[in-house]
Amino acid sequence: MAAGGVGAAWYSEGLAFSCLGCGDCCRGPGGYVWVSEEEAGKIASALDLRPEVFAAKMLRMTISGLALVDDGKGDCPLLDSDSRCRVYPVRPFQCRTWPWWGENLASRRRWDEAAARCPGMNRGPIRPERAIEAVMAGEL
Ligand code: SF4
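The model shown is predicted, which means the values in this text are computed figures rather than measured ones.

Points about the pairing of strand 2 (residues 59–62)
- Here strand 2 runs beside strand 3 (residues 65–68); their pairing, made up of four bridges, is antiparallel. Among the inter-strand pairings, R60 is bridged to a residue of strand 3, identified as A67.
- As consecutive antiparallel partners, strand 2 and strand 3 are separated by two residues.

This is how it looks when you write it as structure tokens:
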């Protein structure tokens, strides 16, 4: 979409993001981390667990699909004691694509609401609109 043209995305000039690794997005109640079967296999392997052991310990089946359990406080069970992801190289698609989610990109207001919870948003290098939309289209 042409920058500034009729119908241009509000983020046509691009958006800044640089993860600080604070882990805030991985903590707290109220969310789901969706995991595909393929992702579950990769995560189990990264943890050196048999897939069925990983599933029993860390997965739950919901009406919408497989998701990670939480640790009882709502935190991701894959965080280590320093709030770092233990499976970062094989983290789920949902985690890899933050903050380039449709709900965050729906409007500037929604983006800024998300940014209030994620200190990495609105800082760092600008990602161009085309690259943002590529992530949204599943092209990582
Ligand atoms: S809250 Fe934002 S800055 Fe912190 S770890 Fe998550 S993505 Fe990175």
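Description of helix 1 (residues 37–46)
- Within helix 1, burial applies to E39, A40, I43 and A44. The arc that holds the buried residues of helix 1, viewed along the axis, is 135°, so those residues lie on one side. Opposite its buried face, helix 1 presents the exposed residues E38 and S45, each directed more than 90 degrees away.
- Of the residues flanking the end of helix 1, it is D48, one or two places downstream, whose phi is positive at about 60°.

A short note on the site of the ligand
- Around the ligand, a shell composed of F17, C19, L20, G21, C22, G23, D24, C25, W98, C118, P119 and G120 is seen.
- When atoms are counted within 2 Å of each cavity's grid points, the one that captures over half of the ligand is the largest pocket.
- Of the residues that constitute the shell around the ligand, the class distribution is eight nonpolar, three polar and one charged.

Section: the pattern of salt bridges
- By the definition in use, this model includes seven salt bridges.
- For K42, the salt bridge is made with E38, and the minimal N-O distance between the two is 3.5 Å. Taken together, the positions of K42 and E38, both in helix 1 and four residues apart, correspond to about one turn of that helix.
- Owing to a relative accessible area of 44%, K42 belongs among the partly exposed residues under this scheme.
- Given a relative accessible area of 57%, E38 falls into the exposed group.
- Note that R108 is salt-bridged to D112, the shortest N-O span being 3.3 Å. Of this pair, R108 and D112 both sit in helix 5 (residues 108–115), separated by four residues, roughly a single helical turn.
- Take R108: its relative accessible area is 39%, and that puts it in the partly exposed class.

Scoring rules and cut-offs
- Residues numbered from 1 in each chain as written.
- Predicted model: local features only at pLDDT ≥ 70, side-chain atom pairs only at ≥ 80, totals over all residues.
- Heavy atoms only, no water.
- Pairing = 2+ DSSP bridges.
- Helix = DSSP H or I, 4+ residues; strand = E, 2+ residues; numbered from the N terminus.
- Buried < 20%, exposed > 50% of the residue type's maximum accessible area, 1.4 Å probe, protein only.
- Arc of directions from axis to C-beta.
- Near = heavy atom within 4 Å.
- 1 Å grid on protein atoms, 1.4 Å probe; cavity = no way out; pocket = protein on both sides within 12 Å on 5 of 7 lines; lining within 4 Å.
- Sits in = over half its atoms within 2 Å of the grid points.
- Nonpolar A, V, L, I, M, F, W, Y, C, P; charged D, E, K, R; others polar.
- Salt bridge = Lys/Arg side-chain N within 4 Å of Asp/Glu carboxyl O.

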